[in-house]
Amino acid sequence: MPFFELNDVHTYYGQIHALKGISVKVEEGEVVTLIGANGAGKTTTLKTISGLLRPRQGTIIFDTHRLDQLPAHKIVAMGVSHVPEGRQIFPRLTVLENLEMGAYLLNNAAEIQQNLDHVFQLFPRLKERVYQPGGTLSGGEQQMLAIGRGLMLRPRILLLDEPSMGLAPVLVEAIFNIIRELNQQGITILLVEQNAHMALQVAHRGYVLQTGRIILQDSAKALQANEMVRKAYLGEE
Amino acid sequence: MQTETVAPTRAVSRGIFSSQMLRTLFAPLGQLAIWTVGTAVVLSLVVLLLALIFRTSSSGVDRFTLVLSILPQVIVDSMVLGFVYAMIALGYTMVYGVLEFINFAHSEIFMIGAVVGAEVLISLSEAKALENFNPLLLILLIIAAGMAVSGLVAVVVERVAYRPLRNAPRLVPLISAIGVSFFLQDLVRMLESIWRNAFYRTYPDVPSFSQRISFGDTLDVSYKSIIVVVAAIVMLLALNYLVGATKIGKSIRAVAQNRATASLMGIDVDRAIALTFLVGGALGGAAGVLYGLRFSTINPYTGFIPGIKAFTAAVLGGIGNITGAMLGGIVLGFLETFGASYLSIFTEGAFGAEYKDILAFGILIIVLIFRPKGLLGEVVGERA
């Protein structure tokens with residue numbers, strides 16, 4: 001049985017059929033990426049997994065648990081952490097309070113402190129700004145905060161939605177290094193990216209989405225070599 | 001919802017936990033003191049200046065002496081009213097913070113607190129138990145009773161009348177709130193009529209509350225006023241601590257700032273919203289008890305005017321902003337009391353205390369024209 005599996009998932013926004021049967025498998029310890037153009041359904045897929053949207057059909061299984069009928073706050077408790085698109089930090093909570101919210105489900109102060117130290121070790125920048133309201137951070141710092149917040153629970157699988165969006169190239173590089181590092185620490189990652197070039201460099205496998213369907217799936221290496229992918233998503237001629 | 005307190009975490013500051021905690025707890029005390037004193041000084045200067053300019057009235061009375069002689073009393077009365085408004089305003093502003101809608105039934109939550117306080121006191125009085133009670137204990141008892149019932153009613157109202165409409169268009173829950181407001185008024189009226197055969201209730205006279213302390217010739221303060229102000233300050237500090245430094249408070253703020261993301265943190269959003277209603281309702285209930293103590297006679301329709309004024313106070317301070325609600329309440333209480341006390345002196349009786357609301361609301365409209373987001377408004381914006 002796979003570690004994490006979406007099986008024929010259909011999600012709707014009202015009458016709009018956004019996901020038309022998505023099936024994705026992620027094995028423990030893998031980095032898997034979903035790539036595709038705007039509106040392909042990448043973000044919708046993540047939102048459906050984390051419970052922000054409810055699938056109308058299909059199953060989502062994580063480590064023998066069914067996720068598809070659970071509310072969002074119970075899915076996090078299973079160890080599924082979603083770092084949403086556009087960072088979505090709490091602008092009027094301090095950096096520290098934002099991180100504390102990430103550890104909302106933990107009650108052991110020592111454990112929270114340990115996770116906090118871990119996040120500060122990954123993002124020393126955040127430590128310098130602990131008492132600053134999240135809304136006053138720069139875009140890159142907010143992204144670090146969003147990822148750090150997602151790590152405060154020591155998740156078993158991390159859903160990352162467009163972590164490089166709107167960041168300067170040097171920061172994009174830094175974020176992808178962090179993703180690699182996290183994966184080496186044993187965290188399974190499902191990564192949604194428009195920057196297919198970077199995503200396919202860190203990922204083991206990838207899925208290509210188009211208008212709510214998966215049109216291609218393969219190892220990252222093979223996708224990088226695939227002519228259609230190169231033309232449509234890597235911007236090569 | 002905004003609070004600007006930088007709250008320490010237990011995790012990071014365990015060593016300095018106690019001093020940090022004390023600071024979080026008492027920092028707002030300084031803020032409350034500054035606003036109260038500031039508003040008092042500004043308004044006092046304005047009336048004294050006016051009295052100097054128009055010193056002698058047509059009947060030869062020296063206005064300056066008159067204004068000065070009642071000033072201490074006016075300030076005390078302003079504080080009593082202002083703190084009551086502040087407590088009610090918090091309920092409006094907290095609910096607005098999490099749901100972005102005005103809970104018009106909050107004035108009835110306040111009224112229910114006043115009615116519960118009255119009934120507890122009346123029952124004790126009928127049982128001839130009032131004299132045997134320690135006055136401090138008695139105060140705590142009636143406030144706790146008012147808070148408990150109002151808090152619970154607020155939670156039930158949210159569950160029954162607002163939660164099913166959470167994804168409906170904005171106006172729908174608003175209409176529901178107005179409906180709940182009428183429903184609660186008449187429900188209380190019906191229950192009181194069945195039980196007591198009357199729905200105008202008067203707080204029985206508790207001898208130890210009715211004592212007065214005199215400071216010189218000009219200031220004569222009743223114990224009731226002191227009780228109201230002290231109780232209100234304790235409540236405001238407790239709320240500030242709850243929202244600023246506890247896990248529950250932070251989860252409420254997180255839900256207010258970004259509901260979907262809060263749920264991704266594992267926060268049960270429905271529970272956080274229910275807690276907001278519980279806390280806001282309990283504060284409203286406490287305010288109702290204090291209002292009843294101070295103004296004695298209440299009825300099921302008592303809540304409307306103070307409710308509307310507290311809502312105004314919340315808007316004046318910056319709706320959704322907790323500190324703003326406190327400031328708005330204090331300012332409105334002062335404006336209203338100063339208007340009630342001094343209008344007739346300056347207009348030689350042409351405009352009496354009954355025009356106080358025109359004065360207070362006139363000034364409010366002017367403030368809001370220049371600061372549409374309220375006195376405190378948005379302090380920290382979102383970036384990126």
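Predicted, not measured: the structure shown is a model, and the values here were computed from it.

**Section: the overall build of chain B**
Phase 1 of the analysis: Along chain B, the regular secondary structure elements total 13 helices and 4 strands.
Phase 2 of the analysis: Against the compact-globule benchmark of 21 Å for 384 residues, chain B has a radius of gyration of 22 Å, which places it among compact chains.
Phase 3 of the analysis: On the principal axes, the C-alpha backbone points of chain B span a range of 70 × 55 × 50 Å.
Phase 4 of the analysis: When the 384 residues of chain B are sorted by exposure, 53% land in the buried category.
Phase 5 of the analysis: Expressed as a percentage of contacts within chain B between residues at least 6 apart in sequence, the contacts between residues at least 24 apart total 77%.
Phase 6 of the analysis: In the structure as shown, chain B presents an accessible area of about 16,500 Å², 69% of it carried by carbon and sulfur atoms.

**A short note on the sheet that holds strand β5 (residues 65-66) of chain A**
Residue and element names in this part refer to chain A.
Phase 1 of the analysis: Taken together, the 4 strands give an open sheet; going across it, the order is β2-β1-β4-β5, and neighbouring strands pair in antiparallel fashion. Here the strands that pair on one side only, and so sit at the sheet edges, are β2 (16-26) and β5.
Phase 2 of the analysis: Of the strand pairs in this sheet, strand β1 (residues 4-13) and strand β4 (residues 57-62) are connected by 5 bridges, and their pairing is antiparallel. If you follow F4 over to β4, its bridge partner there is F62.
Phase 3 of the analysis: Packing against the sheet, helix α1 (residues 42-50) makes contact with β1, β2 and β4, and its axis sits at approximately 110 degrees to β1.

**Topic: the side chain of T93(B)**
Residue and element names in this part refer to chain B.
Phase 1 of the analysis: By the secondary structure assignment, T93 is in helix α2 (residues 63-99).
Phase 2 of the analysis: Side-chain polar atoms of T93 contact the backbone nitrogen of G320, separated by 2.8 Å.
Phase 3 of the analysis: If near-sequence neighbours (up to four positions away) are discounted, T93 is found in contact with A314, G318, I319, G320, N321, I322 and A325.

**Points about the packing of aromatic side chains**
The geometry of an aromatic ring pair comes down to the distance between the two centres and the angle between the two planes.
Phase 1 of the analysis: For the structure shown, the criterion picks out 13 aromatic pairs over all chains.
Phase 2 of the analysis: Between F199(B) and Y200(B), the aromatic rings sit 5.5 Å apart at their centres with planes inclined by 35 degrees, giving tilted as the arrangement.
Phase 3 of the analysis: Where F338(B) meets Y342(B), the ring centres are 5.7 Å apart and the plane angle is 55 degrees; that geometry is what we call tilted. In this pair, F338(B) and Y342(B) are both assigned in helix α12 (residues 322-347), 4 residues apart and thus about one turn of the helix distant.
Phase 4 of the analysis: Using a relative accessible area of 5% as the deciding quantity, one classes F338(B) as buried.
Phase 5 of the analysis: Its guanidinium or amino end placed over the ring of Y12(A), R56(A) lies 3.8 Å from that ring's centre, counting from NZ or CZ.

**Re the pattern of salt bridges**
Phase 1 of the analysis: Under the counting rule described, the total for this entry stands at 23 salt bridges over all chains.
Phase 2 of the analysis: Note that E162(A) and K42(A) form a salt bridge whose closest N and O atoms lie 3.9 Å from each other. Separated by 120 residues along the polypeptide, E162(A) in the loop between β7 (157-161) and α7 (169-184) and K42(A) in helix α1 bring together distant segments of the chain. Taken as a pair, E162(A) and K42(A) share a single burial class, namely buried.
Phase 3 of the analysis: Through salt bridges that share partners, E119(B), E126(B), R196(B) and R201(B) make up one connected network.

Rules behind the numbers
- Residues numbered from 1 in each chain as written.
- Chains lettered and ligands numbered in written order.
- Predicted model: local features only at pLDDT ≥ 70, side-chain atom pairs only at ≥ 80, totals over all residues.
- Heavy atoms only, no water.
- Helix = DSSP H or I, 4+ residues; strand = E, 2+ residues; numbered from the N terminus.
- Rg over C-alpha atoms; globule rule 2.2 N^0.38 Å.
- Buried < 20%, exposed > 50% of the residue type's maximum accessible area, 1.4 Å probe, protein only.
- Contact = heavy atoms within 4.5 Å.
- Areas by Shrake-Rupley, 256 points an atom, 1.4 Å probe, with all protein chains shown as cover.
- Pairing = 2+ DSSP bridges.
- Axes fitted to C-alpha atoms, helices over the stretch in contact; angles between N-to-C directions.
- Polar contact = N/O pair within 3.5 Å; in protein donor to acceptor, adjacent residues only side chain to side chain.
- Phe/Tyr/Trp six-rings, centres within 6.5 Å; stacked < 30°, edge-to-face > 60°.
- Lys NZ or Arg CZ within 6 Å of the ring centre and 35° of its normal.
- Salt bridge = Lys/Arg side-chain N within 4 Å of Asp/Glu carboxyl O.

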